[in-house]
Amino acid sequence: MNITSIELREIRLPLIHFFETSFGRTTERRIILVRVVDRDGADGWGECTAGEGPFYSDEWVETAWPTLKDFLAPMVVNREVEGAAHIYDLMKRVRGHRMAKAAIETACWDLEARLSDVPLWKYLGGVQTEIPCGVSIGIQNSPEELIEKIEQELSAGYQRIKIKIKRGWDLEIVRRVRGRFPEIRLMGDANSAYTLADVPLFKALDEFKLMMLEQPLAYDDIFDHAELQKQIQTPVCLDESIKTPADVIHAIDLGASRIINVKLGRVGGHAQAKRVEAIARERNIPVWCGGMLESGIGRAHNIAMATLAGFTLPGDVSASSRYWEEDIIEPPVTVTPNGMIVAPSNPGIGFEINRPRIDQLTVRSAQVN
Ligand code: OSB
Ligand code: MG
């Protein structure tokens with residue numbers, strides 16, 4: 001593989017409905033897209049999952065853009081490498097910035113799979129021809145609106161409901177939702193809103209038989225989560241804290257995470273995600289694919305990753321129509337009436353890139369040769 005040029009774009013894409021977590025509300029996405037081109041003009045696409053501000057992670061759009069343009073893309077362009085599996089290592093001298101790295105790395109996998117004429121999910125070693133889907137429902141303006149949203153998603157077929165929790169939107173909300181839906185697969189995601197001083201709250205939540213509690217404590221913590229897990233029945237699932245394969249080993253061995261949320265951007269791309277999945281699978285820890293309100297390109301990469309054998313639980317990857325008036329891929333991602341996404345059969349990410357739409361949405365672009 002020899003990438004001769006890397007094209008960056010930032011697009012703006014308004015969400016159909018705002019998305020609110022314990023760290024804030026998003027109404028419009030700013031998304032960096034990466035297109036890698038080889039010397040024969042073949043291309044591949046990736047998406048940077050960095051958000052609009054440094055809240056979910058320290059990486060955000062305005063750190064990712066110059067890091068991609070001035071450091072990462074120049075490390076990859078015009079270098080002869082064995083293949084996409086080695087791209088992450090080319091960028092090793094840059095510390096952190098995994099979401100930016102993943103944008104380039106995943107684009108290279110798309111290119112390589114396309115050139116091999118194989119769907120990316122198969123190329124990565126995926127084994128599941130369809131993946132089970134859940135939804136992540138943000139904090140709403142009222143409990144009634146939340147209940148209504150859950151009803152909608154259940155009737156669309158989604159297999160698991162995740163609700164966001166924060167101080168003041170936790171125990172009573174869960175009690176209400178559980179009262180209305182006694183049997184559903186339900187979980188809560190705190191996005192680091194709490195500390196170990198809140199153990200009594202988590203003990204009280206045990207009664208509601210949540211599938212898991214996602215990232216209750218600090219975004220960079222593993223140790224305290226192990227302490228919390230000793231004191232509650234509900235399985236703890238780490239999201240923000242898992243950035244490297246070593247983090248997964250530490251979290252599992254400490255008893256801090258009985259389930260793991262894998263996000264392609266957070267761990268630095270497909271090669272790292274494969275390592276994370278393998279480590280968890282060897283230790284019988286189920287994983288699932290998290291979401292970052294991705295456009296179709298990131299969504300397609302998530303689908304490919306989620307076909308790996310260890311992804312046994314429904315993830316946060318759902319239909320394009322839940323997010324966008326019109327996606328940037330064709331066809332948009334759809335979900336079957338029983339809550340599955342069928343892995344695509346076309347080469348690479350398996351969806352067409354809607355170039356005119358991307359051009360229309362672009363607010364800045366750059367090219368590295
Ligand atoms: O914590 O999983 C999270 C979105 C943005 C940042 C963090 C998270 C999320 C989600 C949304 O939960 C998942 C999705 O629908 O893409
Ligand atoms: Mg989360």
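**Student:** Is there a simple way to explain the pattern of salt bridges in this structure?
**Tutor:** Two side chains carrying opposite charge are able to pair once their charged atoms lie near each other. Taken as a whole and judged by the stated rule, the model has 33 salt bridges. A salt bridge links R9 to E7, with the shortest nitrogen-to-oxygen separation between them at 3.2 Å. A relative accessible area of 9% places R9 in the buried class. E7 gets classed as buried once you look at its relative accessible area, which sits at 14%. Note that R30 is salt-bridged to E62, the shortest N-O span being 2.7 Å. Residue R30 is found in strand β2 (residues 24-38), and its partner E62 is found in helix α1 (residues 61-76); the two are separated by 32 residues along the sequence. The buried category is assigned to R30, whose relative accessible area is 16%. Connected via shared salt-bridge partners are R160, K162, K164, D189, E214 and D316.

**Student:** Sorry, what's going on with the site of ligand 1 here?
**Tutor:** Lining the immediate environment of ligand 1, one finds 16 residues, of which S136, N191, K263, L293 and Y323 sit closest. Within the side chain of S136, a nitrogen or oxygen atom sits 2.8 Å from an oxygen atom of ligand 1. Within the side chain of K164, one N or O atom sits 2.9 Å away from an oxygen atom of ligand 1. Contact with the protein chains hides 96% of the accessible area of ligand 1, taken as 390 Å² for the molecule alone. Among the residues forming the shell around ligand 1, the class breakdown is 6 nonpolar, 3 polar and 7 charged.

Quick notes on the rules
- Residues numbered from 1 in each chain as written.
- Chains lettered and ligands numbered in written order.
- Predicted model: local features only at pLDDT ≥ 70, side-chain atom pairs only at ≥ 80, totals over all residues.
- Heavy atoms only, no water.
- Salt bridge = Lys/Arg side-chain N within 4 Å of Asp/Glu carboxyl O.
- Buried < 20%, exposed > 50% of the residue type's maximum accessible area, 1.4 Å probe, protein only.
- Helix = DSSP H or I, 4+ residues; strand = E, 2+ residues; numbered from the N terminus.
- Near = heavy atom within 4 Å.
- Polar contact = N/O pair within 3.5 Å; in protein donor to acceptor, adjacent residues only side chain to side chain.
- Areas by Shrake-Rupley, 256 points an atom, 1.4 Å probe, with all protein chains shown as cover.
- Nonpolar A, V, L, I, M, F, W, Y, C, P; charged D, E, K, R; others polar.

All quantities given are derived from atomic positions and should not be read as evidence of function.
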